[in-house]
Amino acid sequence: MSKPISLDQEIAGLRERVAALTSLADSAPFSPASRRKVDHELRVVIETLEAALRRLDPIAMPRSIFDPSNPKVIGRFTALALVAQDRIPLNAVGQFYGSGVYAIYYRGPYPLYASLSGTETPIYVGQAAPSNQGAHTARDQGPRLAVRLNEHRKNIAKAISTLDVADFDARYLVVQSGWETAAEDYLIHLFKPIWNNETNLLYGLGKHGDSATTRANKRSPWDTLHPGRAWAANSTEDARPVEQIITDVTAHFARHAPYRERTTLLEDFFAELRQG
């Protein structure tokens, strides 16, 4: 009968196996495939050891840790602060100092947007970075939010055959310089707005026009569905046919129902917050 292995022997064996694997990191040369394999194996060992340490500890770790310095946390609460602002007609934005984040909402009769119209889900969200990244006041940031929102207003106003700029509202929030990107990222994650590039549906609102040397560029889905910008009319081909755009947007709303009330929106926000 073989003699049982002692705890000290088990630990010594574990050390040898870990040492052998970690020493591979100093070996050379490595092909890209081999490097990826060693990287993967080392990460598996680290995760396994960390899990074992957690099981050995008689005191449980907290389910989540609130870190106010985490950019994702700041982005989440900045997005919530934006949603708390009053909606104003896009036509009434005017001029003001400050950079930050904004959301544009639709409340008109366009058939494809029927499930979105009048809801708390924006059709587009964005950010406007400050003129000077070191700006500490709204005046130092420059009128960046106002400029961006008025650019969108002018573009929407050109699509007179399908849209009425009077059917659009906006919320905006001036934000301390440097945090606008984190807030925009969370807004896109939460709302999945159909006009944002990230959703890959009706991108193109933010385009500023093609030069004479790039007229061969395909017309964006936004310009295909909402014609009116003269430079877009010069494109010779649509990036997507109208039929596909309508099918894709309809399927998107079926998967991601717009928030009809802020109470439902807040419930989802709190649910994510509980998950850390």
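Coordinates for the structure precede this section.
Please read these numbers as outputs of a predicted model, since none were measured by experiment.

Participant: Would you mind going over the packing of helix α1 (residues 7–23) against helix α2 (residues 32–56) in detail, with residue names and values included?
Facilitator: Packed helices, taken two at a time, are described by the angle between their axes plus the distance between the axes. With their axes 10 Å apart at the nearest point, α1 and α2 run at an angle of 145 degrees to one another. Pair α1 / α2 crosses with left-handed handedness. Taking contact as the criterion, the partners of Val 18, Leu 21 and Thr 22 in α1 are, on α2, Glu 41, Leu 42 and Val 45. When grouped by side-chain class, the residues that make up the contact of α1 with α2 number four nonpolar, one polar and one charged.

Participant: How would you explain helix α5 (residues 144–158) if you had to name every residue and give the values?
Facilitator: Over its 15 residues, α5 runs 22 Å from end to end, which matches the ideal 21 Å to within 8%, given 1.5 Å per residue. If you check which residues of α5 are buried, you get Leu 145, Ala 146, Leu 149, Asn 150, His 152, Asn 155 and Ile 156. Buried-residue contacts for α5 involve β2 (100–106), β3 (124–128), β4 (168–174) and α7 (221–225).

Participant: For the pairing of β4, give the residues involved together with the corresponding values.
Facilitator: A large share of β4 lies buried, amounting to five of its seven residues. Here strand β1 (residues 88–89) runs beside β4; their pairing, made up of two bridges, is antiparallel. Considered in β4, the bridge of Ile 88 is made with Ala 170. Here β2 runs beside β4; their pairing, made up of seven bridges, is antiparallel. If you follow Val 101 over to β4, its bridge partner there is Leu 173.

Participant: So what's going on with the nonpolar core? Residues and values would help.
Facilitator: Core analysis: the biggest nonpolar cluster contains 32 residues, and Tyr 113, Ile 123, Ile 156, Leu 163, Phe 168, Ile 194 and Trp 195 have the highest contact counts within it. Counting residues per element, the ones that place at least two in this core are β2, β3, α5, β4, α7 and α9 (242–255). Here this core takes four residues from α5, the largest share from any one element. Residue contacts for Ile 156: discarding those within four places in its chain leaves Leu 90, Leu 163, Val 165, Phe 168, Trp 195, Leu 205 and Trp 222. Counting 18 residues, the second-largest nonpolar core is a separate cluster that includes Ala 79, Val 125, Val 175 and Ala 183.

Reading the values: rules and limits
- Residues numbered from 1 in each chain as written.
- Predicted model: local features only at pLDDT ≥ 70, side-chain atom pairs only at ≥ 80, totals over all residues.
- Heavy atoms only, no water.
- Axes fitted to C-alpha atoms, helices over the stretch in contact; angles between N-to-C directions.
- Helix = DSSP H or I, 4+ residues; strand = E, 2+ residues; numbered from the N terminus.
- Left-handed = near helix turned anticlockwise from the far one by under 90°.
- Contact = heavy atoms within 4.5 Å.
- Nonpolar A, V, L, I, M, F, W, Y, C, P; charged D, E, K, R; others polar.
- Expected span 1.5 Å × (residues − 1).
- Buried < 20%, exposed > 50% of the residue type's maximum accessible area, 1.4 Å probe, protein only.
- Pairing = 2+ DSSP bridges.
- Core = buried A, V, L, I, M, F, W, Y, C linked by side-chain atoms within 4.5 Å.

Worth remembering: the numbers are spatial, not functional.
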